[in-house]
Amino acid sequence: MDARPKAGSPDSARELDEQLHAFEQFAARTELGGLVVQRQGSHQFVLRPPGGPDAPDAPIDLVLMALTHGDERGGLAVLNAVCGAIDRGEIRERISLGFVLANVAAARAGVRFLERDMNRCYGRSELGTAEDRRAREIEPTLRRARHCIDLHQTIEPTLTPFFVAAFHPRSLSFACAIDTTIPIVTHWGGAFSASAGAGCTSDEFVQRTAEAGVSIELGRKGFDVAQCEAGTAVCTRAIAVVADMARGRPLCELSAVSNPIHSWAEVVLYPPGDVQLTPGLKNFQTIAAGETLGLHDGVALTSSQGGTLLFPKYVARSQAVKPAELYRLLRRCDVEELLLVAGNQN
Amino acid sequence: MPCRNSRDLVIEIVGRALRCDVDASDNLFDIGATSLSVALISTELERALALDVPIRALYEHATIRELVEWIDGRQAACTQQG
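Residues numbered from 1 in each chain as written. Chains lettered and ligands numbered in written order. Predicted model: local features only at pLDDT ≥ 70, side-chain atom pairs only at ≥ 80, totals over all residues. Heavy atoms only, no water.

Caption draft 1: A look at the pairing of strand E14 (residues 299–302) of chain A. Residue and element names in this part refer to chain A. Examined bridge by bridge, strand E13 (residues 292–296) and E14 share four bridges and lie antiparallel to one another. Along E14, the bridge assignment pairs Thr292 with Thr302. Here E13 folds back onto E14 in antiparallel fashion, the turn holding two residues, of which Asp297 has a positive phi close to 50°. (Pairing = 2+ DSSP bridges. Helix = DSSP H or I, 4+ residues; strand = E, 2+ residues; numbered from the N terminus.)

Here you go:
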């Protein structure tokens, strides 16, 4: 039996309420660990060193955001843990920090989003959906960000946390400075999803104006102590990295990024008919060419090539609307390929 | 001169992957190649030609004409070795 709290379950809803209350308590303070608290509208606030620039459009050294997807609640606990560490004096860096909860309405409803995927709403001008309206509220804060980390979780378990970012050399260098052991999934030449329309992800939006923007997938969605600790370590390290940069220490060059780097090898669309993936598939699981991954209309569904599995989708037969994708396969990229990509972008 | 067959094959595979009309003078990255589509093009070319076509080759020979010349050169080298 799976004892983990489910999004929308009573236990999960109570913990969500407690975590949202804690976040709002931090936002309502005037001071946190010697930093001035500036509320930025609903579910957003900035911590700023006393005496530093406080204009409404002043740059924010690092923005940490969570709840881009309402059912990926683990990042909220991370933001609260970081604020708690600042409050207790365990994090003492004197940089400006933004904290943003993207889609609280969806979180309260226990769903990924209400009307449109929030992570496909940035960079648009539309106001027609709840998520578009919320994106328009958040974008001014994101435009001020010098660096940004968006905390996500996966639907299925993952063998390792991983960064996800549109290809942007400084963002990859930023991820490397945070932790060289965390794999990076990157992509270029198009939006994250073919169905993105005119909208983009938070990291794609932030990269337009910031030094660096990355997302991180911490693990299977839900409140989880180990994920909270890992996410807090990533954010704490990111704060130290940004503070070091403010003191004049540059990020490494793209050629020196040593994290394992992956990009898409294949995006397998959800086929018509009855599809049942083999139970237990995990993100970052190695897949062999020809490996059976499930059944499609009673026939073995096999991988056309080897790679690393990402975002497998388990869908109940009763679910009328199927997802666009069944799974993705990743391939390893070497730095030489990325340097060629960068050359082609210039 | 590049072999007409390999040129037509490359144009067909690239056009299908990028969903556009392709000309021999086109640069893959000017006509919309992405991290995903280069992987698809590499895989499709390898299957069609029974030749190792690493993704890096698509960046280093980014126009259709350059890519065809590179493929023809590789095929000629393989034939000589075989």
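The discussion continues.
Caption draft 2: Local environment of the interface of chain B and chain A. Chain B puts 16 residues into the contact, and the matching count from chain A is 18 residues. At the boundary of chain B with chain A, total buried surface from both sides reaches about 1200 Å², with 56% on carbon and sulfur atoms. Contact with chain A buries area across many residues of chain B, yet Ser35(B), Arg56(B) and Tyr59(B) alone supply 44% of it, more than any other trio. Inspection of the region where chain B meets chain A yields one salt bridge. Here Asp334(A) and Arg56(B) are joined by a salt bridge, their closest N and O atoms 2.6 Å apart. (Contact = heavy atoms within 4.5 Å. Buried area = accessible area lost by both parts, 1.4 Å probe. Salt bridge = Lys/Arg side-chain N within 4 Å of Asp/Glu carboxyl O.)

Caption draft 3: Inspection of the environment of Ala62(B) at higher detail. Mapping Ala62(B) onto the fold places it in the loop between helix H3 (55–60) and helix H4 (64–81). Exposure remark for Ala62(B): the relative accessible area of 5% places this residue in the buried category. Separated by 37 residues in sequence, Ala62(B) and Ser25(B) have C-alpha atoms that sit 9.8 Å apart. Once residues lying within four places of it in the same chain are set aside, the contact partners of Ala62(B) are Asn344(A), Asp26(B), Asn27(B), Leu28(B) and Phe29(B). (Buried < 20%, exposed > 50% of the residue type's maximum accessible area, 1.4 Å probe, protein only.)

Caption draft 4: Local environment of the side chain of Gln19(A). Inspection of the secondary structure assignment puts Gln19(A) in helix H1 (residues 10–28). In this view, Gln19(A) contacts Leu76(A), Ala77(A), Asn80(A) and Phe223(A); residues no more than four positions away in its chain are not counted.

Caption draft 5: Just the sheet that holds E13(A), in detail. Residue and element names in this part refer to chain A. The three strands lie next to each other as E11-E13-E14, forming an open sheet whose pairing is antiparallel. Of all strands in the sheet, those bounded by a partner on one side alone are strand E11 (275–277) and E14. Taking the axes of each pair of neighbouring strands and ignoring which way they run, one obtains an average angle of 35° across the sheet. (Axes fitted to C-alpha atoms, helices over the stretch in contact; angles between N-to-C directions.)

Caption draft 6: Structural context of the packing of helix H2 (residues 74–87) of chain A against helix H7 (residues 225–246) of chain A. All names here are of chain A. Look at H2 against H7: their axes get within 9 Å of each other, and the N-to-C directions meet at 55°. Between H2 and H7, the interaxial angle falls into the category oblique. Judged by the sense of rotation from one axis to the other, the crossing of H2 with H7 is right-handed. Listed contacts from H7 to Ala77, Val78, Ala81 and Val82 of H2 are Gln227, Cys228, Gly231, Thr232, Cys235 and Ile239. Residues that form the contact of H2 with H7 fall into these classes: seven nonpolar, three polar and no charged. (Parallel < 35°, antiparallel > 145°, perpendicular 65-115°, else oblique. Left-handed = near helix turned anticlockwise from the far one by under 90°. Nonpolar A, V, L, I, M, F, W, Y, C, P; charged D, E, K, R; others polar.)

Caption draft 7: Broad picture of unusual backbone geometry. Even without being glycine, Phe284(A) reaches a positive phi, approximately 75°. On the basis of relative accessible area, Phe284(A) is assigned to the buried category, the value being 11%. Positive phi values are uncommon outside glycine, yet Ala50(B) reaches one of about 50°. In this fold, Ala50(B) is placed in the loop between helix H2 (35–49) and H3. Ala50(B) sits in the exposed class, given a relative accessible area of 73%.

Caption draft 8: Examining the pattern of salt bridges more closely. All names here are of chain A. Tallied over the entire structure, the rule returns 28 salt bridges over all chains. Here Glu115 makes a salt bridge to Arg133, at a shortest N to O gap of 3.9 Å. Of this pair, Glu115 sits in the loop between helix H3 (104–109) and helix H4 (130–144) while Arg133 sits in helix H4; the two residues are 18 residues apart in sequence, bridging distant segments of the chain. Relative accessible area serves as the criterion here: at 39%, Arg133 is assigned to the partly exposed category.

Caption draft 9: Geometry of the nonpolar core. In terms of nonpolar packing, the biggest core is built from 89 residues, with Phe99(A), Ile149(A), Phe174(A) and Leu45(B) touching the most fellow members. Among the elements that take part in this core, H7(A) stands out by supplying nine residues, more than any other. The residues touching Ile149(A), leaving out its near neighbours within four places in the chain, are Leu62(A), Val63(A), Leu64(A), Met65(A), Phe174(A), Ile178(A), Val214(A), Ile216(A), Val234(A) and Ala238(A). The next biggest cluster of nonpolar side chains, apart from the first, holds 18 residues, and it includes Val63(A), Ala135(A), Ala145(A) and Cys148(A). (Core = buried A, V, L, I, M, F, W, Y, C linked by side-chain atoms within 4.5 Å.)

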